[in-house]
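Architecture and fold: a report
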Amino acid sequence: MMSTGMNKYAKYALVLLLSVSLILFTEQMKFIKSGEGHITFGTITGLAVLWLFSFIGVIISTLMKKVPVKFLQEFPVLGWVSIVSLICCLISDVFVDAIANVNFLSITTPILAFAGISVADRLADLRKTSWRVAIVAVFVFTGTYVGSALLSELGLYLSGK
Amino acid sequence: MKSKQSFIYLLAFVLIVIAVSEFIGIQAVKVGSVKISLLPLVFAILITMILGLSIFRKGFMKKIYSEANVAFSSKYLIFIMLPLMARYGADVAPRIEEILKVGWVFIIQEIGNLGTILLGLPIAILLGLRREAIGSTLGLGREGELAYISEKYTLDSDEGRGVLSLYIIGTLFGTLFFSIIAPIMHASGFSIEALAMASGVGSASMMTGSSSALIATAPDMEQTINSYAAASQLLTSFLGTYTMVFLAVPLQRFMYKLLVRGDK
């Protein structure tokens, strides 16, 4: 597991390749299920763009770990990738059109499959949590969602939308 | 070599899970008068979680859920998620003017995240929790709160146990919870736009749960939903720490004193 330098980036690149390949597979499953449509060159281009933005984000995030600014060091890689994607998509519609070829829901299924596997060992930890915190959790999750939704609703109303 | 072979099992298993989830497709469930659409992603996490339970982890399943494979999944989950984040630029960019025009709404709705304390803390105190309540209601219990609480109280304190419990529950059930609550909230009168903004709660998987459930409810608003959710999520990753330190912590301290006054 000792990976450094180029080796580390090669590993990240491969995992990202795995991720976009799974999206492609999911897309194909959707086409088979619905009985219409097929993978096009556009889909592949879209996935290539997603791969590229992700990889650039990873590189930036790794480089920022060396910058002596705490905020930049701790800014999540997920955030860097969204910023890279946003900037590139603002610069050129080519990227927007390419990415639009990839079905949003096809991206989500593989992620959640891995998410389920990744928590397999945590299921046992549930015993360590109390039922009280479980009830509190429902209200905590609801609280942030309702709180934000109420303020958004109010704000949108005030701005006449 | 052994781990390579077991990785192939993992890959094959994931492909099967994806295929099964996609063939189940979108299923509508009626809860009272609210229609909740369960998406393939919900089935994917349910299948992989249920099969990961220790009673199923025997024989061949043990090879799929091997130590190395589970470790790989949790270590690289964030990388597997990156293409999803890379997609959001394409949703936000075409609507950037519209979003900037209501930019202040995005900023004030961040304050709504204090709802974890406003709603959660009184319930926690009522249930008899004390210092554990501090850890479990400060926020959604993601990495930010985990880091703050462990720095201030260590994880081996009541506060620490509170935030850890919330972290575990959120990791296991967060996506499911938000994909169910989103359509319920819409049925109770909230607009899709407001709920999309609220979806950027700070956890990528919870946001996915909420925003994809909204898309299933209003398919023709996919771009609006994704762009609002992504913009608000990005803002949360910029402002989250500051909201916590400068607003959530003082508010929680004030409310805690008020609520437990005289019974310490």
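The structure displayed is predicted, hence computed values, not measured ones. Residue numbering note: each chain is counted from 1, following its sequence as written. Lettering of chains starts at A and numbering of ligands starts at 1, both following the order in which they are written. Per-residue local features of the predicted model are confined to residues with pLDDT of at least 70, and side-chain atom pairs are confined, for both listing and counting, to 80 or more; whole-chain, interface and lining totals are unaffected and use all residues. The basis for every side-chain value is the complete set of heavy atoms in the structure, and neither hydrogens nor water enter the calculation.

Quick notes on the overall build of chain A
- Working definition: helices are DSSP H or I runs of at least four residues, strands are E runs of at least two. Numbering for both runs from the N terminus. A count of helical and extended segments in chain A gives seven helices and zero strands.
- Moving toward the C terminus, one meets the helices and strands of chain A in the order α-α-α-α-α-α-α.
- In terms of overall size, chain A is more extended than a compact globule, its C-alpha atoms giving a radius of gyration of 20 Å where 161 residues would be expected to give roughly 15 Å.
- When the backbone C-alpha atoms are referred to their principal axes, chain A occupies close to 50 × 50 × 40 Å. Our radius of gyration looks at C-alpha atoms and nothing else; its globule reference is 2.2 Å times the residue count to the power 0.38.

Details of the pattern of salt bridges
Residues and elements named next belong to chain B.
- Each reported salt bridge corresponds to a side-chain nitrogen of Lys or Arg within 4 Å of a carboxyl oxygen of Asp or Glu. Counted under the stated rule, the structure contains 10 salt bridges over all chains.
- Note that R95 is salt-bridged to E98, the shortest N-O span being 3.2 Å.
- In this scheme, a residue with accessible area under 20% of its type's maximum is buried, one over 50% is exposed, and one in between is partly exposed, where area comes from a 1.4 Å probe on protein chains only. Residue E98 is classed as partly exposed on the basis of its relative accessible area of 25%.
- Its salt-bridge partner being D158, residue R161 comes within 3.2 Å of it at the nearest N-O pair. Residue R161 and its partner D158 are located together in helix α10 (residues 158-187), separated by three residues, close to a single helical turn.
- For D158, a relative accessible area of 30% translates into the label partly exposed.

Considerations on the pairing of strand β1 (residues 27-31) of chain B
- Criterion used throughout: strands pair if DSSP finds at least two bridges between them. Where β1 of chain B and strand β2 (residues 34-38) of chain B come together, five bridges link them in antiparallel fashion. Counted as the bridge partner of K30 of chain B is K35 of chain B from β2 of chain B.

Observations concerning the side chain of E110 of chain B
All names here are of chain B.
- Among the secondary structure elements, E110 is positioned in helix α6 (residues 103-111).
- Counting rule applied: Lys, Arg positive; Asp, Glu negative; His and chain ends not counted. For E110, which is buried and forms no salt bridge, the nearest opposite charge comes from R142, at a distance of 14 Å.
- A polar contact of 3.4 Å, which involves the side chain of E110, links it to the side chain of Q109.
- Each polar contact in these results corresponds to two N or O atoms within 3.5 Å; when the atoms are within protein, one needs to be able to donate a hydrogen and the other to accept it, and residues that are neighboring in sequence are counted only if both atoms are side-chain atoms. A distance of 2.8 Å separates a polar atom in the side chain of E110 from a polar atom in the side chain of T236.

What about the UniProt feature "transmembrane region" (unreviewed entry) in chain A?
Residue and element names in this part refer to chain A.
- UniProt positions are given in the numbering used here, feature names are shortened, and annotations may be inferred rather than shown by experiment. Look at the UniProt record and you will see "transmembrane region" (unreviewed entry) annotated at residues 39-63, 75-96, 102-121 and 133-158.
- Secondary structure content for residues 102-121 is 75% helix and 0% strand, while the C-alpha to C-alpha distance between its ends is 32 Å.
- As a span, residues 133-158 carries 100% helix and 0% strand, and end to end its C-alpha atoms are 37 Å apart.

Structural notes on the packing of helix α4 (residues 77-91) of chain A against helix α5 (residues 93-100) of chain A
Residues and elements named next belong to chain A.
- Every axis in this analysis is a line fitted to C-alpha atoms, fitted for helices over the stretch in contact. Angles between the N-to-C directions lie between 0 and 180 degrees. One way to put it is that α4 packs onto α5 with a least axis distance of 5 Å and a crossing angle of 115 degrees. Here α4 contributes C88, C89 and I91 to the contact with α5, which in turn contributes D93, F95, V96 and I99.
- Residue composition of the contact of α4 with α5, grouped by class: six nonpolar, no polar and one charged. Throughout, a residue-residue contact means that at least one pair of heavy atoms, one from each residue, lies within 4.5 Å. Ten residue types, Ala, Val, Leu, Ile, Met, Phe, Trp, Tyr, Cys and Pro, are classed as nonpolar, four, Asp, Glu, Lys and Arg, as charged, and the remainder, Gly among them, as polar.

Side note on the packing of helix α2 (residues 41-64) of chain A against helix α4 (residues 67-92) of chain B
- Taken N-terminus to C-terminus, the directions of α2 of chain A and α4 of chain B make an angle of 110 degrees; their axes are 8 Å apart at the nearest point. Taken as axis vectors, α2 of chain A and α4 of chain B run roughly perpendicular relative to one another. Seen from above, α2 of chain A lies across α4 of chain B with right-handed handedness. Within the contact between the two elements, α2 of chain A uses L50, F53, S54 and V58 of chain A and α4 of chain B uses F79, L82, P83, A86 and R87 of chain B.
- The residue makeup of the contact of α2 of chain A with α4 of chain B, split by class, is seven nonpolar, one polar and one charged. Every angle not falling under 35 degrees, over 145, or within 65 to 115 is termed oblique; those three ranges are roughly parallel, roughly antiparallel and roughly perpendicular. By convention, the crossing between two helices is left-handed when the near helix turns anticlockwise from the far helix through less than a right angle, and right-handed when the turn is clockwise.

Details of the UniProt feature "transmembrane region" (unreviewed entry) in chain B
Residues and elements named next belong to chain B.
- Mapped onto the present numbering, the UniProt feature "transmembrane region" (unreviewed entry) falls on residues 7-26, 38-56, 68-86, 106-129, 162-182, 194-216 and 228-249.
- Between the C-alpha atoms that bound residues 7-26 the distance is 29 Å, and the span itself is 90% helix and 0% strand.
- With 100% helix and 0% strand, the stretch residues 162-182 has end C-alpha atoms that lie 26 Å from each other.

Brief notes about the interface of chain A and chain B
- The interface is formed by 87 residues belonging to chain A together with 112 residues belonging to chain B.
- Two parts placed together each lose some accessible area under a 1.4 Å probe, and the buried area is that loss summed for both. The contact between chain A and chain B buries some 8800 Å² in all, and 81% of this surface belongs to carbon and sulfur atoms.
- Looking only at chain A, the three residues that lose the most surface to chain B are F104, F141 and Y145 of chain A, adding up to 10% of its buried area.
- On the surface where chain A and chain B come into contact, there are two salt bridges.
- Two residues, R57 of chain B and D121 of chain A, come together in a salt bridge whose shortest N-O distance is 3.0 Å.
- Across the chain A-chain B interface, the total number found is 16 residue pairs in polar contact (both at pLDDT 80 or more).

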